[in-house]
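Listed below are the residues making up each chain.
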There are 2 protein chains.
Amino acid sequence: MATMENKISSLGEFGLIELIRDKFLNSGLGGGGDVLGIGDDCAVIPQGENDILVTTDLLVEDVHFLRSDAEAWQIGWKSVAVNLSDIAAMGGKPVGTFLSIALPSSLDTSWIESFVEGYKKISEEYRVPLLGGDTTSSKGPIAINLAVLGTIPHGAAKLRSTAKEGDIICVTGTLGDSGAGLNLVLKGIKGSNPEQDYLRRRHYEPTPRIHEGLMLQGLSEVHAMMDISDGLASDLGHILKASRVAAQIDIDRLPLSQELKSVCEEFKALENEKAAPRGNSDVAATSKDWNPEILALKSGEDYELLFTCSPEIPTEITKAIPGTPITPVGRIIKGTPHITYLKEGREIDLNIKGFTHF
Amino acid sequence: MATMENKISSLGEFGLIELIRDKFLNSGLGGGGDVLGIGDDCAVIPQGENDILVTTDLLVEDVHFLRSDAEAWQIGWKSVAVNLSDIAAMGGKPVGTFLSIALPSSLDTSWIESFVEGYKKISEEYRVPLLGGDTTSSKGPIAINLAVLGTIPHGAAKLRSTAKEGDIICVTGTLGDSGAGLNLVLKGIKGSNPEQDYLRRRHYEPTPRIHEGLMLQGLSEVHAMMDISDGLASDLGHILKASRVAAQIDIDRLPLSQELKSVCEEFKALENEKAAPRGNSDVAATSKDWNPEILALKSGEDYELLFTCSPEIPTEITKAIPGTPITPVGRIIKGTPHITYLKEGREIDLNIKGFTHF
């Protein structure tokens, strides 16, 4: 048997990114000066009075989606949404999208027509034109790459590296919904009720927080910002590492939707019937798949905004965006980058890792 | 057996692009105003004193390259080169590249290291930083998407749509070399002599004409411009369609390298030994694979610049770029978009079609 030592899988996603980045940084070809290259949600390129934001995402069939589970129009919607979310994460305004797509020759044209419908629907909603791209065939899976450009006033982009000791940590919306929706899909739970439908929609039709990002970008009290794509625990880790600070998260304050709580109750009860009860009330010890707090911390693809702000103004911020709840969930503290989890004020051990593609 | 009627293959590459573009144009989401969207080598987005150029290309293993034929570093080089060529095609200056790459988990890390070396080598040569991207796994082929940004003074981009009746048609460099190099690869001809090596290098390590593009951009006498990626016949067709004019091409004036002529002579002679001679001197009737004029007109991936300019100044232009020949190969005439081919001044019928991915 071949060892995995010299394989891509042994590098991991972040190892691979580091391998690529280091080679360029060492040659002075990784940005620098006013240009922000690899390492945040978008690259930032100064251009007169504005900065240009650029983000790109590659989705591959059987890795990011299954044709059997997701409607083509949902894949179209989501591929735009996740990129707009990166623009929102810096506080930018989207300017245009660029779609590269590789399709098997034997694919039904109805698939691409439906894909384009979903792509167009979200493009209309946020008034973002499709400005270019590339089409080709694939002898394997469908592959979809989006590059999205945005603009922001020069120097105004909210970065990951600017969290400050004493900041409050806030999130928009609710967390864990997308992860629970994915659970339903992966476990083949086809039953339809409004709660389950809501969670599946949160997974397949995420809302990029463009308006919220623009509002937060205008507030000097907001220091660091990013979007939650890999899960709160993992993504907050990026802010901590970039800002060289630590954090406390209050498990009790994580914003959970009624739908998430209701569906988790239902399936936890079902699974408890099957398994012997463990008599342990610690969140880490109950069934992980249907534990709403674990889903909120660990599951990815909520595409909510995560930001830190000075402690004087959280009440103003929490009321600033009509229809979108903003919840303080913890605080930035001094220390080497790591997260402490508090439940009812007491520290607990969760041993959480984020999602990686390899 | 399933019919191919409703399959992607029945649409063809340009049909697929039209399907996507039309849906967006009809919704007012395809650019417009000062913004140039789908339909040229790059999108053009005004941004203060400058315009931002954006181009994107998706390469898929087994469609665009075979891992067994091409060195990883050559794929790295070429994926940057073809995108820089699109920036050159408008006369722009490259600003940064964005690399999205999907890799099988079982791939050797040496492959990606070599790929990055080639990517870095050309990035250094043209001083273009790598500013971002995305990495993911693939359960099928390697997929590589590049998005490249450039800048150009506002309104100065050379377009496909601005050729004028009476213009001279010019090309940089020599044509057909890349196609002949690909012939050698596809026919499994491994023999090594300087001429064959040159042609293979022209296929795997094309030179983006950035410097030439910048120089031509500064000349108001240069009207339309693009790069040759699908073959002169096909690409000139795009200029004719966009500019609503016709063209004559002088077959005798096509710039052919000594290496192309020598290798074509060698293999044409070999193939003639095998086959019965047809006794026809017409270029279309001899072996197409090793006919240098057919290669120059029809084979893609030369990544030379194709431009039209007013007839008063061709001599000045042809001397303007040290080391890069510029050759007049025909003229723009009045008429519906089509190309007439002249050999020794007489019209001949070539019946040439360009390359399509489906």
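For the structure, check the block above.
For the structure given in this document, a descriptive report is provided here. It should be emphasised that the depicted structure is a prediction, and the values quoted were computed from it without experimental measurement. (Residues numbered from 1 in each chain as written. Chains lettered and ligands numbered in written order. Predicted model: local features only at pLDDT ≥ 70, side-chain atom pairs only at ≥ 80, totals over all residues. Heavy atoms only, no water.)

Below, the discussion takes up the interface of chain A and chain B. The interface is formed by 77 residues belonging to chain A together with 77 residues belonging to chain B. Interface of chain A and chain B: buried area, both sides summed, is about 6,500 Å²; carbon and sulfur atoms make up 69% of it. Among the salt bridges present, the one from Glu-117 of chain A reaches Lys-23 of chain B, with a minimum N-O distance of 3.1 Å. Put simply, chain A and chain B have 30 residue pairs in polar contact (both at pLDDT 80 or more) between them. Contributions of two or more residues to the side of chain A that touches chain B are made by helix 1 (8-25), strand 1 (43-47), strand 2 (50-60), strand 3 (93-103), helix 3 (109-125), strand 4 (130-137) and strand 5 (143-153) of chain A. The greatest single-element share of the side of chain A that touches chain B, amounting to 10 residues, is contributed by helix 1 of chain A. Taken together, the residues that form the side of chain A that touches chain B break down as 38 nonpolar, 26 polar and 13 charged. (Contact = heavy atoms within 4.5 Å. Buried area = accessible area lost by both parts, 1.4 Å probe. Salt bridge = Lys/Arg side-chain N within 4 Å of Asp/Glu carboxyl O. Polar contact = N/O pair within 3.5 Å; in protein donor to acceptor, adjacent residues only side chain to side chain. Helix = DSSP H or I, 4+ residues; strand = E, 2+ residues; numbered from the N terminus. Nonpolar A, V, L, I, M, F, W, Y, C, P; charged D, E, K, R; others polar.)

On to the environment of Thr-55 of chain A, then. Residues and elements named next belong to chain A. Along the chain, Thr-55 falls in strand 2. Thr-55 sits in the buried class, given a relative accessible area of 3%. Through-space distance from the C-alpha of Thr-55 to that of Pro-153 is 17 Å; in sequence the pair is 98 residues apart. Those residues in contact with Thr-55, other than ones at most four positions away along the chain, are Asp-41, Cys-42, Asn-83, Asp-86, Ile-87, Leu-146, Ala-147 and Val-148. Polar contacts involving the side chain of Thr-55 include one to the main-chain carbonyl oxygen of Asp-41, which spans 3.4 Å. Here Asp-86 takes part through its side chain, which lies 3.0 Å from a polar atom of the side chain of Thr-55. (Buried < 20%, exposed > 50% of the residue type's maximum accessible area, 1.4 Å probe, protein only.)

Residue and element names in this part refer to chain B. The sheet built from 5 strands is open, its strands ordered 1-2-5-3-4 with mixed pairing. Pairing within the sheet leaves two strands with one partner each, and these edge strands are strand 1 (43-47) and strand 4 (130-137). The mean inter-strand angle of the sheet, taken between neighbouring strand axes irrespective of direction, is 15°. Note that strand 3 (residues 93-103) and strand 4 share 7 bridges and pair parallel. Following the sheet pairing, Ala-102 is matched in strand 4 by Thr-136. (Pairing = 2+ DSSP bridges. Axes fitted to C-alpha atoms, helices over the stretch in contact; angles between N-to-C directions.)

So, on to the packing of helix 2 (residues 72-90) of chain A against helix 6 (residues 210-217) of chain A. Residues and elements named next belong to chain A. For the pair helix 2 and helix 6, the least separation of the axes is 7 Å and the interaxial angle reads 15°. With respect to their mutual orientation, helix 2 and helix 6 come out roughly parallel. Judged by the twist between their axes, the crossing of helix 2 over helix 6 is left-handed. For the pair formed by helix 2 and helix 6, the contact residues are Leu-84, Ile-87, Ala-88 and Met-90 on the first element and Ile-210, Gly-213 and Gln-217 on the second. Looking at side-chain class alone, the contact of helix 2 with helix 6 contains 5 nonpolar, 2 polar and no charged residues. (Parallel < 35°, antiparallel > 145°, perpendicular 65-115°, else oblique. Left-handed = near helix turned anticlockwise from the far one by under 90°.)

With an axial shift of 0.0 Å and an RMSD of 0.0 Å, the rotation relating chain A to chain B amounts to 180°. Such a turn and shift between the copies fits a two-fold axis. Across chain A, the smallest distance between a C-alpha and the rotation axis is recorded for Gly-140 of chain A, namely 2.8 Å. Comparing interface residues between copies, 100% of those in chain A also lie at the interface in chain B; the contact surface is shared. (Least-squares fit on C-alpha atoms with pLDDT ≥ 70 in both.)

Turning our attention to the sheet that holds strand 9 (residues 305-309) of chain A. Residue and element names in this part refer to chain A. Pairing within the open sheet is mixed, and its 7 strands lie in the order 7-9-6-10-8-11-12. Strands at the two margins of the open sheet, each flanked by one partner only, are strand 7 (222-227) and strand 12 (346-348). Each adjacent strand pair in this sheet contributes to an overall mean axis angle of 30°, direction not counted. Taken together, the 4 bridges between strand 8 (residues 246-250) and strand 10 (residues 326-333) define a ladder with antiparallel strand orientation. Looking at strand 10, one finds that Ile-249 is bridged to Gly-330.

For helix 1 (residues 8-25) of chain B, built from 18 residues, the straight-helix expectation of 26 Å at 1.5 Å per residue is missed by more than 12%, its first-to-last C-alpha distance being only 21 Å. Considering bend angle alone, the principal kink of helix 1 of chain B is centred on Phe-14 of chain B and spans about 80°. Among the residues of helix 1 of chain B, Ile-8, Gly-12, Glu-13, Leu-16, Leu-19, Ile-20 and Phe-24 of chain B are the ones counted as buried. Residues of helix 1 of chain B that are buried sit in contact with strand 3, helix 3 and strand 4 of chain A. (Expected span 1.5 Å × (residues − 1). Bend = angle between axes of the 7 residues up to and from the residue.)

Let us now look at the environment of Ser-229 of chain B. Residues and elements named next belong to chain B. Note on placement: Ser-229 falls in the loop between strand 7 (222-227) and helix 7 (232-243). Residue Ser-229 is classed as partly exposed on the basis of its relative accessible area, which comes to 23%. Considered as a pair, Ser-229 and Glu-301 are 72 residues apart in the sequence and their alpha carbons are 4.4 Å apart. In contact with Ser-229, not counting residues within four places along its chain, are Asp-235, Gly-300, Glu-301 and Tyr-303.

Residue and element names in this part refer to chain B. The buried count for strand 1 comes to 4 of 5 residues, which makes it a mostly enclosed element. The pairing of strand 1 with strand 2 (residues 50-60) spans 5 bridges and is classified as antiparallel. Bridged to Gln-47 within strand 2 is Asn-50. Counted along the chain from strand 1 to the antiparallel partner strand 2, the turn is 2 residues long, and its residue Gly-48 has a positive phi close to 70°.

What follows deals with helix 3 of chain A. In this model helix 3 of chain A runs 25 Å from its N-terminal to its C-terminal C-alpha over 17 residues, within 8% of the 24 Å that 1.5 Å per residue would give. In the core, the buried residues of helix 3 of chain A are packed alongside helix 2, strand 3, strand 4 and strand 5 of chain A together with helix 1 of chain B. At the C-terminal side of helix 3 of chain A, Arg-127 of chain A shows a positive phi close to 50°.

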